[in-house]
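Structural characterization, general
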Amino acid sequence: MPITDSYNRKIEYLRISLTDRCNMRCTYCMPPEGVNLIPHYEVLHYGEIREIVRAGAWLGIRSVRLTGGEPTVRRDLPRLVGMLKEVDGIEEVTMTTNALLLSKLAKELKGAGLDRVNISLDSLRPDRFFEITRGGDLRAVLEGVDAALEAGLSPVKLNAVIIPEFNDDEVEDMARLTFDRPLHVRYIEFMPIGDLRLHKEKKFIKAAELIERLKKVFELETVEKGAGMGPAKTFKIKGAIGTIGFISSMSDHFCGSCNRLRLSSDGWLRSCLFNEKLGVDMKTPIREGASLEELKELFMKAAGIKPEGHELDRRAELDFERTMSQIGG
Ligand code: SAM
Ligand code: SF4
């Protein structure tokens with residue numbers, strides 16, 4: 001039975017944050033010292049995640065994405081992938097990762113049933129990458145990209161958050177990655193979560209501006225929307241193998257077609273990335289022995305409180321205290 005929310009959107013997609021821990025410290029995402037971490041006993045176990053996904057699948061969830069923090073720092077990750085892939089109704093298990101550990105894990109994850117990965121890659125210059133991620137090794141990440149392609153975790157998408165005077169001089173080089181390999185570069189607008197100082201300094205570039213800029217350098221052909229393409233506006237550079245896409249979460253938001261719920265690592269099922277208050281606690285009931293029927297009711301409740309839109313442009317003050325790594329990006 002598919003669930004729809006109060007605005008008649010079909011809820012089919014669940015993003016699951018496996019942890020708030022991370023092996024990088026991206027400057028726009030986390031403070032250098034890291035964040036206050038959730039104690040281990042508060043973090044959902046794999047069995048608990050599977051029960052919540054079973055309830056969701058019963059109500060129409062078809063696709064789950066593992067994220068974090070960094071999902072690959074969770075021990076024995078292929079086991080969870082296998083458990084979720086076996087849930088009746090789940091058609092696709094995907095992951096968003098910084099890929100630092102992916103070269104070692106890609107094959108095993110694919111074997112366990114992982115369908116595809118989104119890899120975050122904000123710079124192609126080793127020094128800048130090191131700086132942005134506060135210590136990340138670009139070579140290891142690029143090896144992770146190779147491993148993902150080799151393992152068939154495709155389509156492999158490379159996500160870059162573009163911030164002026166930070167990495168916007170690399171958008172053309174990033175697009176060139178699509179020339180001879182099936183890589184799908186997606187430029188993401190910076191959202192007011194994490195380091196709000198960058199926002200207050202108006203460090204923001206619209207997807208539409210980037211499209212115009214790239215059109216001056218490359219001949220772009222529009223790619224029609226297909227399954228699994230998500231909310232990106234997608235183009236192909238003439239003759240390229242991969243694609244480039246633009247995600248305008250801020251300048252032209254896609255709340256009207258948002259089909260997702262989010263599960264935090266401490267068990268809150270939230271209906272909107274931008275509203276921490278709109279959530280339902282799943283962990284307490286599940287630890288108190290809630291039945292599948294009761295979990296389904298809670299799922300319905302989370303869908304029922306999904307707002308029509310994020311209304312960020314109408315809020316007087318930005319008030320996000322938590323980082324994307326804590327919310328689950
Ligand atoms: N650690 C994994 C990774 O980096 O891919 C998964 C979690 S991370 C929070 C998920 C995505 O959120 C990354 O692509 C990251 O660049 C993005 N992100 C973090 N803070 C953001 C912000 N303020 N605006 C837009 N994207 C952001
Ligand atoms: Fe970690 Fe991902 Fe945040 Fe970077 S963006 S600090 S890799 S959670």
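What this report covers is the structure whose coordinates are included nearby. Nothing here was measured: the structure is a model prediction, and the numbers come from that model.

Moving on: the packing of helix 1 (residues 46-58) against helix 10 (residues 292-304). At a minimum axis separation of 9 Å, helix 1 and helix 10 run at an interaxial angle of 65°. It follows from the interaxial angle that helix 1 and helix 10 lie roughly perpendicular. The two elements helix 1 and helix 10 meet at a crossing, and its hand is right-handed. Here E51, I52, R54, A55, G56 and W58 of helix 1 lie close against helix 10, whose contacting residues are L292, L295, K296 and F299. Across the contact of helix 1 with helix 10, the residue classes tally to 6 nonpolar, 1 polar and 3 charged.

The next thing to look at is helix 5 (residues 138-151). Along its 14 residues, helix 5 runs 20 Å from first to last C-alpha, staying within 8% of the 20 Å computed at 1.5 Å per residue. Listed in full, the buried residues belonging to helix 5 are L138, A140, V141, G144, V145, A147, A148 and A151. Against the buried residues of helix 5 lie helix 3 (102-112), strand 4 (116-120), helix 4 (126-132), strand 5 (156-162) and strand 6 (183-189). N-cap assignment for helix 5: the residue whose side-chain oxygen lies 3.1 Å from the backbone N of R139 is D137. Positive phi appears at G152, one or two residues downstream of helix 5, with a value of about 85°.

Parameters and conventions
Residues numbered from 1 in each chain as written. Chains lettered and ligands numbered in written order. Predicted model: local features only at pLDDT ≥ 70, side-chain atom pairs only at ≥ 80, totals over all residues. Heavy atoms only, no water. Axes fitted to C-alpha atoms, helices over the stretch in contact; angles between N-to-C directions. Helix = DSSP H or I, 4+ residues; strand = E, 2+ residues; numbered from the N terminus. Parallel < 35°, antiparallel > 145°, perpendicular 65-115°, else oblique. Left-handed = near helix turned anticlockwise from the far one by under 90°. Contact = heavy atoms within 4.5 Å. Nonpolar A, V, L, I, M, F, W, Y, C, P; charged D, E, K, R; others polar. Expected span 1.5 Å × (residues − 1). Buried < 20%, exposed > 50% of the residue type's maximum accessible area, 1.4 Å probe, protein only. Polar contact = N/O pair within 3.5 Å; in protein donor to acceptor, adjacent residues only side chain to side chain.

Geometric descriptors of this kind do not, in isolation, establish any biological role.
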